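Structural description and commentary
Residue-level listing of the chains:
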Amino acid sequence: MSNHQPVRIKTISEFHKFRDLQKPEHPLVSVYNFEDLKRLNEDEPKSLMLDFYSIALKRSPNAKMRYGQQEYDFNEGVLLFISPGQVFSIEGNAELEHTGWALIVHPDFLWNTPLAKKIKQYEYFGYSVHEALHLSDKEEKMIIGIMKNIQHEYQSNIDKFSQDVIIAQIELLLTYAERFYNRQFITRKISNHQILARLETLLEDYFSTDSLAKSGLPTVHYIAETLNVTPNYLSGLLKSLTGQSTQHHIHDKLIEKAKEKLSTTNLSISEIAFDLGFEHQQSFSKLFKTKTNVSPLEFRQSFN
């Protein structure tokens, strides 16, 4: 079987069998130690697509994980989130060793619970591998403790409270992850502020050329791709650093350019709208008034 063809693993039982783990004690949720995983042979597939959520806390000194063309070295403790349907691959030599823990949860386990919808709102499930969460030793111990609590619960006698207890533990883990990501945005100021500076330069360059008239407003996806980050990560980063979304930054730059044209040129409102990438003047005027509380014409008249 080709190593390059992704293998779809539909159930937790299939995953346990594939990685030579003991039969899962619960069909829809499992916690395992990476030291219990068998090593993959050279002829075994290393590109996988899971039909369930995976939250992995790992250290892998001689391993690399790849999403597309992005590689990441797991030389320190990181927490990686993979949602159903994401393709990922693991690369390493014959001496490949992982340490750490992982929690895997099938969506069916969350069915008919508030978490079934809420889990899709955690942006970090859409982050790329090079945007993984780096944990302190204290944070690692906390996450491992929660995973072990989940494991202990499904290993105990299952009763009518078991699912609720496990769901509560998963929600707690996800909430801590959100807190830790926010901390990471703050503590990694240099790299994150570099992204913010590059964003400002990108928007300035885009709005200073004829790109607006040709292509319209830049999309969030275009901005993120140009900055080599995922849209969700960029959104989380900007909200942490500035309190504003990527779309908000795009609109702020648009309004800045609109004010400049309204106050320094004799272009009509319609011409300015076209220059800024709008097909219809009404759409431009509506956005401008929403952002400034005055119409473009009222803003221009204030300079006369």
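Scroll up for the structure.
Residues numbered from 1 in each chain as written. Predicted model: local features only at pLDDT ≥ 70, side-chain atom pairs only at ≥ 80, totals over all residues. Heavy atoms only, no water.

1. A few points about the pattern of salt bridges
- For the coordinates displayed, the defined rule picks out eight salt bridges.
- The salt bridge partner of arginine 183 is glutamate 139, with a shortest N-O separation of 2.6 Å. Placement of arginine 183 in helix 5 (residues 162–187) and of glutamate 139 in helix 4 (residues 137–155) is noted, with a sequence separation of 44 residues between them.
- On the accessibility criterion, glutamate 139 (11% relative accessible area) is buried.
- The shortest N-O distance in the salt bridge between lysine 253 and glutamate 256 comes to 3.5 Å. Of this pair, lysine 253 and glutamate 256 are both found in helix 10 (residues 246–264), three residues apart, which corresponds to roughly one turn of the helix.
- Through salt bridges with shared partners, a single network forms among Glu204, Lys253, Glu256, Lys257 and Glu260. (Salt bridge = Lys/Arg side-chain N within 4 Å of Asp/Glu carboxyl O. Helix = DSSP H or I, 4+ residues; strand = E, 2+ residues; numbered from the N terminus. Buried < 20%, exposed > 50% of the residue type's maximum accessible area, 1.4 Å probe, protein only.)

2. Regarding the packing of aromatic side chains
- For the structure on display, the rule yields 19 aromatic pairs.
- Aromatic side chains phenylalanine 185 and tyrosine 233 sit 5.4 Å apart centroid to centroid with 70° between the ring planes, which places their arrangement in the edge-to-face category. Of this pair, phenylalanine 185 sits in helix 5 while tyrosine 233 sits in helix 9 (residues 231–242); the two residues are 48 residues apart in sequence, bridging distant segments of the chain. Considered together, phenylalanine 185 and tyrosine 233 belong to a single accessibility category, that of buried residues.
- On the numbers, 5.6 Å between centres and 55° between planes, the contact of phenylalanine 278 with phenylalanine 284 is tilted. The two residues phenylalanine 278 and phenylalanine 284 agree in class, both being buried.
- Taken together, the aromatic side chains of Tyr53, Phe81, Tyr122, Tyr124, Phe125, Tyr127, Tyr181, Phe185 and Tyr233 make up a single cluster linked through ring pairs. (Phe/Tyr/Trp six-rings, centres within 6.5 Å; stacked < 30°, edge-to-face > 60°.)

3. Thoughts on the packing of helix 4 against helix 5
- Packing of helix 4 against helix 5 brings their axes to within 9 Å, and their N-to-C directions diverge by 165°. Looking at the two axes, helix 4 sits roughly antiparallel to helix 5. Crossing geometry of helix 4 relative to helix 5 is assigned as left-handed. Touching Glu139, Met142, Ile143, Ile146, Met147, Asn149, Ile150, Glu153 and Tyr154 of helix 4 are Ser162, Val165, Ile166, Gln169, Ile170, Leu172, Leu173, Tyr176, Phe180 and Arg183, all from helix 5.
- Residue composition of the contact of helix 4 with helix 5, grouped by class: 13 nonpolar, three polar and three charged. (Axes fitted to C-alpha atoms, helices over the stretch in contact; angles between N-to-C directions. Parallel < 35°, antiparallel > 145°, perpendicular 65-115°, else oblique. Left-handed = near helix turned anticlockwise from the far one by under 90°. Contact = heavy atoms within 4.5 Å. Nonpolar A, V, L, I, M, F, W, Y, C, P; charged D, E, K, R; others polar.)

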